[in-house]
Amino acid sequence: MFETIAILFIFFIIVLFGFIFYTRIQKTTYKAEQEEAVILRAIQIAEKASFLPEIQCSFDNVPVEDCIDKYKLEALTPIIDPNKIYYYRIFGDSRITINQTYPSDTVSWTLYDRPKEGERLSTQIPVSIYNPATDQYTFGVIYVEVYR
Amino acid sequence: MKKKKSQISIQFSWIFILIAGAIILIFFIGIIYKQKAVSETRLAGTVATDLEAILTGARISTGTVNVIQIPKIEATFTCDEMGDSWFGVDWEKTGIKKSLPIEVVFAPNLIKGKELITWALDFSAPFKVTNFLYLTSPEIRYIFVNPDEEIYEDFPEETTKEEVLTMAGISDKNNYKVKFIFFDQAPGTVPAPLQHMPNKDITAIKITGKTIEFFEKENSRFKSTGQTFYITKPMLYAAIFAEDKIYYECNLKKAFKALNIVATVYADRETTLKEYYENNPDDRRAYCTLYYYEEDTTALKQISEACIQDMINCPGLSDPIAKLEHDNLILKEHSCPLLY
């Protein structure tokens, strides 16, 4: 009988080791999944920013990809703050800036800024910036920084 | 005496073995059940996250219909009078849900099966405001009764749709949900082969002009649950996919909120354009300042704001929308920068 108890005792010790090992593996897998979710969210925010109807160029209601209307951008920037709850639901904790790079790189717009402590993931999307009054294009980049 | 002692000892050993064996079995069965629950919750969480990404992508690619293979799950979609909008994956079992505070998604309250059909259309009024995303399953049946051909033809082929002239001859095809779409005729009675289905699984809409009336099954008849309106074709399709009037109007409110913001942007843009040409009289297009009528974009902005407060004001959007379409045409004819 004591032999049986000893065997059972050792058996449960082995099961315990197995359980600890399994839990450690699960933790690592969970961390990897969390990382993937953060990257996915960053891509989603970048996609939403570049396809936002409020700033996207359109001609006779046909949207143009990778193009931002300068006047729409300037009109939207002051509207973001009074509607910050609405835009927080789109962009979350992130910072979105549009920088003109050519012909001059001195023009910049901060579309959305809601920073948070911690690491951030950065995405850059090249775009054209269209001036409807002069019918001219310039080059620019959308910087999307998503905070973890 | 010794023989008796050893016999008792053997019996006790067996009892001890049985008890120990039972404890070990219970222990491992307990772990299995716990692990099963954890795995189901994890799967639901993963599916919910992936579904969210699919919804984001599908919203961007308008005009296309996608059939997506999904694990055999039950997705619940809700949008109520308080504006609480979310979707859940096996929600009752796992509690996993994701909020949809601004995404305009029209879907039945329950989608189940191995395939998810997504379809996105632009909502323009008259400029693009947002995308409407329609979701359904091939296991949901859509019966168009004496339909407008254009509306029927444009409805995705990937869905389980059928066109009938009358309600006679409709059979049960073992779908878990059936939606009837009537054009200018009263719904009448529920076809006999479908009367056994739960009341909540058979719904209908009746389209008359720009009015939509929602119905739900009440035993053998259709009972009206309220009337609403539509302005554009995407809104009409929204009523077909939406579970009921509350869900439809809840999502429309999100669309009108977006409309209010976009209208404000366009109003400011128009003002900036007009001011640019007024301040640059030597510009080759300085004459364009004559064709910017700011009152129309302002009217759209104001009515959309009133519409968010009370849906009864929403049909009033048709007028400024039509005027802006006309204004844009005038600008096009004069080679001026368009409103949208």
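Rules used in this analysis
- Residues numbered from 1 in each chain as written.
- Chains lettered and ligands numbered in written order.
- Predicted model: local features only at pLDDT ≥ 70, side-chain atom pairs only at ≥ 80, totals over all residues.
- Heavy atoms only, no water.
- Helix = DSSP H or I, 4+ residues; strand = E, 2+ residues; numbered from the N terminus.
- Rg over C-alpha atoms; globule rule 2.2 N^0.38 Å.
- Buried < 20%, exposed > 50% of the residue type's maximum accessible area, 1.4 Å probe, protein only.
- Contact = heavy atoms within 4.5 Å.
- Areas by Shrake-Rupley, 256 points an atom, 1.4 Å probe, with all protein chains shown as cover.
- Lys, Arg positive; Asp, Glu negative; His and termini not counted.
- Charge placed at Lys NZ, Arg CZ, Asp CG, Glu CD.
- Pairing = 2+ DSSP bridges.
- Axes fitted to C-alpha atoms, helices over the stretch in contact; angles between N-to-C directions.
- pLDDT = per-residue confidence, 0-100.
- Expected span 1.5 Å × (residues − 1).
- Disulfide = S-S within 2.5 Å.

Remarks on the overall build of chain B
Stage number 1. Looking only at helices and strands, chain B has seven helices and twelve strands in total.
Stage number 2. For chain B, the C-alpha radius of gyration of 29 Å lies well beyond 20 Å, the compact-globule estimate for 340 residues.
Stage number 3. Expressed as lengths along the three principal axes of its C-alpha atoms, the size of chain B is roughly 125 × 55 × 35 Å.
Stage number 4. In chain B, buried positions account for 49% of the 340 residues.
Stage number 5. Within chain B, counting contacts between residues at least 6 apart in sequence, those at least 24 apart form 60% of the total.
Stage number 6. A total of about 16,300 Å² of accessible surface is found on chain B, and carbon and sulfur atoms cover 55% of it.
Stage number 7. The positive charge centre, built from 38 side chains, and the negative charge centre, built from 46, are 15 Å apart in chain B.

Brief notes about the sheet that holds strand β5 (residues 120-131) of chain A
Residues and elements named next belong to chain A.
Stage number 1. If you trace the six strands from one edge of the open sheet to the other, you get β1-β2-β5-β6-β3-β4, paired in mixed fashion. Since the sheet does not close on itself, it has two edges, and those belong to β1 (56-59) and β4 (108-113), each with one partner. Geometrically, the sheet is characterised by an average inter-axis angle of 35° between neighbouring strands, direction not taken into account.
Stage number 2. Pairing of β1 with strand β2 (residues 62-69) involves three bridges; the strand directions are antiparallel. Within β2, the residue paired with serine 58 across the bridge is proline 63.
Stage number 3. Strands β1, β3 (94-102), β5 and β6 (136-147) of the sheet are contacted by helix α1 (residues 2-50), whose axis makes an angle of about 150° with β6.
Stage number 4. Along the sheet, helix α2 (residues 70-80) makes contact with β1, β2, β3, β4 and β5, crossing β4 at roughly 40°.

Let's talk about the confidence of the model for chain A
Stage number 1. The pLDDT averaged across chain A works out to 90; a share of 100% of its residues lies at or above 70.
Stage number 2. Summarising per-element confidence for chain A, the mean pLDDT is lowest in α1(A) (86) and highest in α2(A) (95).

Here's the deal with α1(A)
Three- or four-residue spacings in an α-helix give side chains the same orientation, since the helix completes a turn every 3.6 residues.
Stage number 1. Taking 1.5 Å per residue, 49 residues should reach 72 Å; α1(A) reaches 72 Å between its end C-alpha atoms and fits that length.
Stage number 2. All of the buried residues along α1(A) are A:Leu8, A:Val15, A:Val38, A:Ala42, A:Gln44, A:Ile45, A:Ala46, A:Lys48, A:Ala49 and A:Ser50.

A few points about the state of the cysteines
Stage number 1. All chains considered together, the criterion is met by four disulfides over all chains.
Stage number 2. Sulfur-sulfur distance for the disulfide between A:Cys57 and A:Cys67 comes to 1.9 Å. Classification of the bridge connecting A:Cys57 and A:Cys67 rests on its S-S torsion, roughly -65°, and on that basis the disulfide is left-handed. Here the residue A:Cys57 occupies a position in strand β1, and A:Cys67 occupies one in strand β2, the gap between them amounting to ten residues.
Stage number 3. The disulfide partner of B:Cys288 is B:Cys336, and the gap between their sulfur atoms is 2.0 Å. On the S-S bond that ties B:Cys288 to B:Cys336, the torsion sits near -90°, and the link is left-handed. Residue B:Cys288 is located in the loop between α5 (245-279) and α6 (294-309), and its partner B:Cys336 is located in the segment after α7 (318-333); the two are separated by 48 residues in the primary sequence. No difference in accessibility class separates B:Cys288 from B:Cys336, as the two residues are buried.

Details of the sheet that holds strand β6 (residues 128-136) of chain B
All names here are of chain B.
Stage number 1. Spatially, β3-β2-β1-β5-β6-β4 is the arrangement adopted by the six strands of the open sheet, whose pairing is mixed. Among the strands making up the open sheet, the edge pair consists of β3 (97-99) and β4 (105-106).
Stage number 2. Pairing analysis gives nine bridges linking strand β1 (residues 65-79) to strand β5 (residues 110-124), with the strands arranged antiparallel. Residue pairing across strands places alanine 75 opposite isoleucine 111, the latter belonging to β5.
Stage number 3. Across the sheet, α5 is in contact with β1, β2 (85-89), β4, β5 and β6; its angle to β6 comes to roughly 155°.

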